[in-house]
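Coordinate inspection notes
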Amino acid sequence: MNPDLTERAFAPTAPYLVGREKIREFARAVFATSPINHDPEAAIAAGYSDIVAPPTFAVVVQEATLQQLLSAPDAGIDFTRVVHGDQRFTYTRPIVAGDELTATLSVTSIKSLGGHSMVTSESTMVDANGDHVVTAISTLVVRGDE
Amino acid sequence: MIAEIGEVVAEKTYELTRDSLVRYAGASGDFNAIHYRDDVAASVGLPGVLAHGMLTMGFAVQPVVEWIGDSGRILDYQVRFTRPIVVDPVDGATVTVVAKVGALDDAEVRVDLTVTYNGSTVLGKAQARVSLAATV
């Protein structure tokens, strides 16, 4: 794997407009039963402007940044050997329907361990005002030859 | 919401089927074929079709959300993927989540999740930091 990736500046992704039905679809897929994930009236009663995305919804937006990493021609990452090692979301505020999110990738560490490579990246997501919403942190494990 | 360290605040069992995986693939945009095609899973040496790790992470926090009643109070959520969940085409997979208070102060509670499938844990260091007050 190319160690220079940690110093690379990746372009921000195109803005992702968070749709109400997309949140509902995702909420059903992760067995989310909370009314604020489905019902605008419940979300507004709880103080939000619209329905609230489940805590892991940010992965949908993060995905575009991971594609930037995996498809970088000089990254040296074989997609078929990639396994998800760990995942974290750190929120300033929850994502709600109507948010327009822009994500910027940075590669924070690349390590080798027993023939495998581990690449940790952060996708920092801001709203249309440029204010921080959530940072998604992933470690991908690229398996070496067996 | 009164809790003390070590207290189990939520416990829930999820029945995953192949339908669950197809639904998550569509909702998340993760169409890796190892999550719905037996032949592809076998060709890369897997014991069967696997649940998306992010699906497991996604539902494992739901008992915590149901306990606090507001998904917006989840400040931070992390997991390590330590073992795959094989979803049988007929029998599916049964996954159990136990949520226990790991740490507590005036403002936040850290909930530690134990997620079990087939007698083994599938996530490591699965922790959610939850605000005790509304965030909006």
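Before any of the text, the structure's been laid out above.
Just so you know, these numbers come straight off a predicted model, no measurement behind them. (Residues numbered from 1 in each chain as written. Chains lettered and ligands numbered in written order. Predicted model: local features only at pLDDT ≥ 70, side-chain atom pairs only at ≥ 80, totals over all residues.)

Section: the nonpolar core
Keep this limit in mind: In these notes, a nonpolar core means any group of buried Ala, Val, Leu, Ile, Met, Phe, Trp, Tyr and Cys residues linked to one another through C-beta atoms within 7 Å. Exposure in this text rests on C-beta crowding, where 20 or more other C-beta atoms within 10 Å of a residue's own make it buried, 12 or fewer make it exposed, and counts in between make it partly exposed. The C-beta atoms are placed from the backbone. Once C-beta atoms have been placed from the backbone, residue pairs whose C-beta atoms lie within 7 Å are recorded as contacts.
With 80 residues, the main nonpolar core has Phe26 and Ala58 of chain A together with Ala60 and Ile85 of chain B as its most contacted residues. Not counting residues up to four positions away in its chain, the partners in contact with Ala60 of chain B are Val97, Leu113, Val115, Leu123 and Ala126 of chain B.

Regarding the pairing of strand β3 (residues 100–113) of chain A
Residues and elements named next belong to chain A. For the record, the criterion: Should DSSP find at least two bridges between two strands, the strands are taken to pair. A run of H or I in DSSP becomes a helix once it reaches four residues, and a run of E becomes a strand once it reaches two; helices and strands are each numbered from the N terminus.
With two bridges joining them, strand β1 (residues 16–17) and β3 adopt antiparallel strand pairing. The partner of Leu17 across the bridge, within β3, is Glu100. Where β3 and strand β4 (residues 116–126) come together, 11 bridges link them in antiparallel fashion. In the strand pairing of β4, Leu105 is matched with Ser123. The turn linking β3 back onto β4 is made up of two residues, and Gly114 within it adopts a positive phi angle of 55 degrees.

Some details on the interface of chain A and chain B
This is how it is decided: Each residue gets one of three labels, nonpolar for Ala, Val, Leu, Ile, Met, Phe, Trp, Tyr, Cys and Pro, charged for Asp, Glu, Lys and Arg, and polar for the others, Gly among them.
Listed as interface residues are 31 residues of chain A and, on the opposing side, 31 residues of chain B. Contributions of two or more residues to the side of chain A that touches chain B are made by α1 (20–29), α3 (58–71) and β2 (82–91) of chain A. For the side of chain A that touches chain B, the leading source of residues is β2 of chain A, giving eight residues. Class assignment of the residues belonging to the side of chain A that touches chain B gives a composition of 16 nonpolar, nine polar and six charged. Where β2 of chain A and strand β2 (residues 74–81) of chain B come together, five bridges link them in antiparallel fashion.

Some words on α3 of chain A
All names here are of chain A. To be explicit about the condition: Expected helix span is given by 1.5 Å per residue-to-residue step, counting one fewer step than there are residues. Think of it this way: the bend at a residue is just the angle between two axes, each fitted to seven residues, one set ending at that residue and the other starting at it.
In this model α3 runs 20 Å from its N-terminal to its C-terminal C-alpha over 14 residues, within 8% of the 20 Å that 1.5 Å per residue would give. The sharpest bend along α3 measures roughly 30 degrees and falls at Ala64. Buried residues of α3: Ala58, Val59, Val60, Val61, Gln62, Thr65, Leu66 and Leu69, and no others.

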